[in-house]
Amino acid sequence: MRWDEMSGKQRGAVIALASVEIAFTAAAAVDLSRRPAADVRGRKALWWPAIFVQPVGPVAYLLWGRRR
């Protein structure tokens, strides 16, 4: 479906979901860049491409990729 074919509610939903996706990705990227490697489950080099797999990558990192 094209953007100009969407209703106002559909456009709003797309914008809202895209905003959430961008926020999760940004939060995961900032956390991964600042967190020491010892506090990350697995290798940081493998988490970098994983957080850009939308929409599951950033959520997976934020839930399971960090040590408490």
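In this text the structure is predicted, and so the values were computed from the model without any measurement. (Residues numbered from 1 in each chain as written. Predicted model: local features only at pLDDT ≥ 70, side-chain atom pairs only at ≥ 80, totals over all residues. Heavy atoms only, no water.)

1. Observations regarding unusual backbone geometry
No. 1: For the peptide bond that leads from Q54 to P55, omega is -5 degrees, which places it in the cis range.
No. 2: Mapping P55 onto the fold places it in the loop between α2 (44-50) and α3 (56-65). (Helix = DSSP H or I, 4+ residues; strand = E, 2+ residues; numbered from the N terminus.)

2. What about the packing of aromatic side chains?
No. 1: Under the definition given, this model contains 1 aromatic pair.
No. 2: Consider the rings of W47 and Y61, whose centres lie 5.4 Å apart with planes at 65 degrees: the pair is edge-to-face. Pair noted here: W47 is in helix α2 and Y61 is in helix α3, with a separation of 14 residues, a long-range link. Summarising the burial analysis for this pair, W47 and Y61 share the class buried. (Phe/Tyr/Trp six-rings, centres within 6.5 Å; stacked < 30°, edge-to-face > 60°. Buried < 20%, exposed > 50% of the residue type's maximum accessible area, 1.4 Å probe, protein only.)

3. Section: helix α1 (residues 8-34)
No. 1: Taking 1.5 Å as the rise per residue, α1 with 27 residues should run 39 Å; its terminal C-alpha atoms sit 39 Å apart, in good agreement.
No. 2: Looking only at α1, the buried set comprises T25, A28, A29, D31 and L32.
No. 3: Where α1 is buried, its residues contact α2 and α3. (Expected span 1.5 Å × (residues − 1). Contact = heavy atoms within 4.5 Å.)

4. What about the side chain of T25?
No. 1: Tracing the backbone shows T25 in helix α1.
No. 2: T25 gets classed as buried once you look at its relative accessible area, which sits at 12%.
No. 3: Not counting chain neighbours up to four residues away, the residues in contact with T25 comprise I51, F52, Q54 and P58.

5. Some points on the nonpolar core
No. 1: Grouped together as the largest cluster of nonpolar side chains are 9 residues: A28, A29, L32, V40, W47, I51, A60, Y61 and L62.
No. 2: Elements represented by at least two residues in this core include exactly α1 and α3.
No. 3: What W47 contacts, discounting residues up to four positions off in sequence, is L32, V40, R41, G42, G57, A60, Y61 and G65. (Core = buried A, V, L, I, M, F, W, Y, C linked by side-chain atoms within 4.5 Å.)

6. Digging into the pattern of salt bridges
Note that side chains of opposite charge can pair when their charged atoms are close.
No. 1: Tallying each qualifying case throughout the model produces 3 salt bridges.
No. 2: Between R2 and D4 there is a salt bridge, with its nearest N and O atoms 3.4 Å apart. In this structure, R2 and D4 share a single accessibility class: exposed.
No. 3: With a closest N to O distance of 2.8 Å, R35 and D31 form a salt bridge. Just as R35 is buried, D31 falls in that class too.
No. 4: Shared partners join several salt bridges into a network, and the residues in it are D31, R35 and R66. (Salt bridge = Lys/Arg side-chain N within 4 Å of Asp/Glu carboxyl O.)

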